[in-house]
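Structural features, examined
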Amino acid sequence: MPPALSVLTRNRDFRNLFTADLIGLGADWFVMIPLLTLLPHLTGSGLWGGLALAADTGLMALLLPYTGTVADRFDRRRILIAADLAMAACALLLLLVRTPATAWIALVGVGAIAVAKAFFSPAAQAALPNVVDAEDLPAANTLAGSAWGTMLVIGASLGGIASEAFGAYPCFALASALLLFSAVQVWRVRRPLQAERTKEPAPTFAAIGESLRYIRHNPRIASLVTVKSAVGLGNGVLTVFPLLAPLLGAGPLGTGLLFAARGLGALIGPVVLRKALSHHSWLLPGLALSMSLYGLAYLGVSLTTWFPLVLAGVVLAHLAAGGNWMMSNFVLQAEVPDALRGRVFATDFMLATLSVAVSQLAVGAFIDHTNPRLLIAACGAVTLLYSGAWALVALRRPLPNRAT
């Protein structure tokens, strides 16, 4: 049996945490795909979809320094359960989005879900090494890295199909029910989700300062927490998806398929690139190459007019992005002490989501007046340029053997 599947079958606590993550991620996209189809239909503008995506990522970015501190100070199991319950309630708020005049409620609902996710994400990432043995951490990271892609494929595909068949509103209700089930799975985890603290945690702002000093005084960690920003700055392409699908002859299902292709790439990327986790000398070059491949793939997508080939290009781009995410997470989990891990991951997520929000807002500002292909090409070029600059700095500091 492959190691990744072995740890899933042997370790009940990891299995429960992993399935909770799967369910929550699937519900998230089961909300977002129908909403991104609904908003242009109600308002006649692609801007509202860009604003919804930016609200999702931007609010997370603003809150993550604080929520990462919470993940290091309080019971991570309770944080995860509370976040799931809050997201379940907020998904129902989207049922009120019925007319152009109520489109703003979508931003409120998505923003509230983003706040809950800001608490969930660093707590879940920081908890992972505590529910598996050290020798199982690479396999667990492979599965965890694929979880997002797995449920984006399922959530986006089913969200697109269900939105076209039944409309957006049944999707919102089902997503709420799924998030309640995710909370049940977290409740079933029995291992402690953090190490025992030997001293009283610092006050919130002092704790944030402690983590920032740790990052600043460790250049290798500083380079790792800026890795995901390359792909983030290219994520403005997601704002274009709801307009690109009709341009290529597809409707709401086409939008779902574009997001599903993104998820398929993110799903197989950690599996294809997993071998890099066993070779510490491959990790930093692998990170640089994965960023570059993402940019090149979207430059290719911008020149393609055949929808199946566009889907293939999106899969390739996010195969690289999924591997990038997995590799950087693995090294951070191995390098950062448990007492700081939540805050460092929060900084990592903050930089990534802030770059996504900036990219989506920038694309949203031009989307109603610019050829979608030009916007996709611009996003790919930005990622490619960033990857080159990052490589020039980061590759000067090779990883020690203990990173793997």
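Below is a short write-up of the structure. Every value quoted in this text rests on a predicted model; they were computed, and no experiment measured them. (Residues numbered from 1 in each chain as written. Predicted model: local features only at pLDDT ≥ 70, side-chain atom pairs only at ≥ 80, totals over all residues. Heavy atoms only, no water.)

1. What to know about the overall build of the protein chain
Selection rule: Secondary structure elements are defined from DSSP: runs of H or I of at least 4 residues count as helices, runs of E of at least 2 residues count as strands, and each element is numbered from the N terminus. Here the globule rule is a power law, 2.2 Å times the number of residues to the power 0.38, and the radius of gyration is based on C-alpha atoms. Type-normalised accessible area, obtained with a 1.4 Å probe on protein chains alone, sets the label of each residue: buried when under 20%, exposed when over 50%, and partly exposed for intermediate values. Each accessible area is a Shrake-Rupley estimate made with a 1.4 Å probe; only the visible protein chains count as cover when residues are assessed. The sign given to each residue is positive for Lys and Arg and negative for Asp and Glu; His and the chain ends receive no count. Throughout, a charge is located at the NZ atom of Lys, the CZ atom of Arg, the CG atom of Asp or the CD atom of Glu.
Assigned secondary structure in the protein chain consists of 16 helices and 0 strands. Taken over the C-alpha trace, the protein chain has a radius of gyration of 20 Å; the compact-globule value for 404 residues is 22 Å, and the two agree within 12%. Principal-axis analysis of the C-alpha atoms gives the protein chain an extent of 55 × 45 × 45 Å. Burial analysis of the protein chain (404 residues in total) assigns 60% to the buried set. Total accessible area computed for the protein chain in this model is approximately 15800 Å², and 70% of it derives from carbon and sulfur atoms. Charge-centre separation for the protein chain: the mean point of 27 positive side chains lies 4 Å from the mean point of 18 negative side chains.

2. A short note on the environment of Ala 381
Here Ala 381 lies in helix 16 (residues 372–394). Along the sequence, Ala 381 and Ser 292 sit 89 residues apart, while their C-alpha atoms lie 9.4 Å from each other.

3. Topic: the side chain of Thr 67
Inclusion rule: When checking whether two residues touch, look at their non-hydrogen atoms; a contact exists if any pair is within 4.5 Å.
Mapped onto the elements, Thr 67 comes out in helix 3 (residues 47–73). A residue is classified by how much of its surface remains accessible, and Thr 67, at 1% relative accessible area, is buried. Residues in contact with Thr 67, not counting those within four places in the same chain, are Ala 118, Phe 119 and Pro 122.

4. Things to note about the nonpolar core
The condition is simple: What makes a nonpolar core is a set of buried Ala, Val, Leu, Ile, Met, Phe, Trp, Tyr and Cys residues whose side-chain atoms join them at distances within 4.5 Å.
Judged by nonpolar contacts, the single largest core of 89 residues is most densely connected at Phe 14, Leu 80, Val 131, Phe 172, Leu 258, Tyr 298 and Val 314. Contacts of Leu 258, omitting those with residues within four sequence positions, involve Phe 241, Leu 244, Ala 245, Phe 307, Val 310, Leu 311 and Val 314. Among the nonpolar cores identified, the runner-up in size contains 34 residues, and Ala 230, Met 327, Leu 340 and Phe 345 belong to it.

5. What to know about the packing of aromatic side chains
Working definition: an aromatic ring pair is given by the centre-to-centre distance plus the angle between the planes. Inclusion rule: To pair, rings of Phe, Tyr and Trp, with the six-membered ring standing in for Trp, must have centres within 6.5 Å; the planes then decide the type, stacked if under 30 degrees apart, edge-to-face if over 60, and tilted in the middle. To sit over a ring, a charge needs its Lys NZ or Arg CZ within 6 Å of the ring centre and within 35 degrees of the ring normal.
Counted by the stated rule, this structure contains 5 aromatic pairs. With a centroid separation of 6.0 Å and an interplanar angle of 85°, the aromatic rings of Tyr 169 and Phe 172 are classed as edge-to-face. Pair noted here: Tyr 169 and Phe 172 are both in helix 7 (residues 168–187), with a separation of 3 residues, about one helical turn. Judged by relative accessible area, Tyr 169 falls into the buried class, the value being 18%. Assessed through its relative accessible area of 0%, Phe 172 is described here as buried. The ring of Tyr 169 is capped by Arg 98, whose NZ or CZ atom sits 3.7 Å from the centre of that ring. Note that Lys 228 overlies the ring of Trp 325, its terminal NZ or CZ placed 4.8 Å from the centroid.

6. Here we look at the pattern of salt bridges
Stated formally: Whenever Lys or Arg places a side-chain nitrogen within 4 Å of a carboxyl oxygen from Asp or Glu, that contact is recorded as a salt bridge.
A complete count under the given rule lists 8 salt bridges for this structure. Two residues, Arg 10 and Asp 136, come together in a salt bridge whose shortest N-O distance is 3.1 Å. Placement of the pair is Arg 10 in helix 1 (residues 3–10) and Asp 136 in the loop between helix 5 (103–127) and helix 6 (137–166), with a sequence separation of 126 residues. For Arg 10, a relative accessible area of 49% corresponds to the partly exposed category. With a relative accessible area of 9%, Asp 136 lands in the buried category. Where Asp 133 meets Arg 191, a salt bridge forms, and the shortest distance between an N and an O atom there is 3.9 Å. Taken together, the positions of Asp 133 in the loop between helix 5 and helix 6 and Arg 191 in the loop between helix 7 and helix 8 (204–216) put the pair 58 residues apart, joining distant regions of the chain. Of the residues examined, Asp 133 reaches a relative accessible area of 35% and is grouped as partly exposed. By relative accessible area, Arg 191 is classed as partly exposed at 27%. Taken together, the shared-partner salt bridges in this structure form one network comprising Asp 13, Asp 133 and Arg 191.

7. Here we look at the packing of helix 2 (residues 12–43) against helix 3
Keep this limit in mind: Helix axes use the C-alpha atoms of the stretch in contact, all axes being lines fitted to C-alpha atoms, and the angles between their N-to-C directions lie in the range 0 to 180 degrees. All amino acids are sorted into three groups, where Ala, Val, Leu, Ile, Met, Phe, Trp, Tyr, Cys and Pro are nonpolar, Asp, Glu, Lys and Arg are charged, and the leftover types, Gly among them, are polar.
Running from N to C, helix 2 and helix 3 point in directions that differ by 145°, and their axes come no closer than 8 Å. Judged by residue contacts, Met 32, Leu 36, Leu 39 and Thr 43 of helix 2 engage Trp 48, Gly 49, Ala 52, Leu 53 and Asp 56 from helix 3. For the contact of helix 2 with helix 3, the residue count by class is 6 nonpolar, 2 polar and 1 charged.

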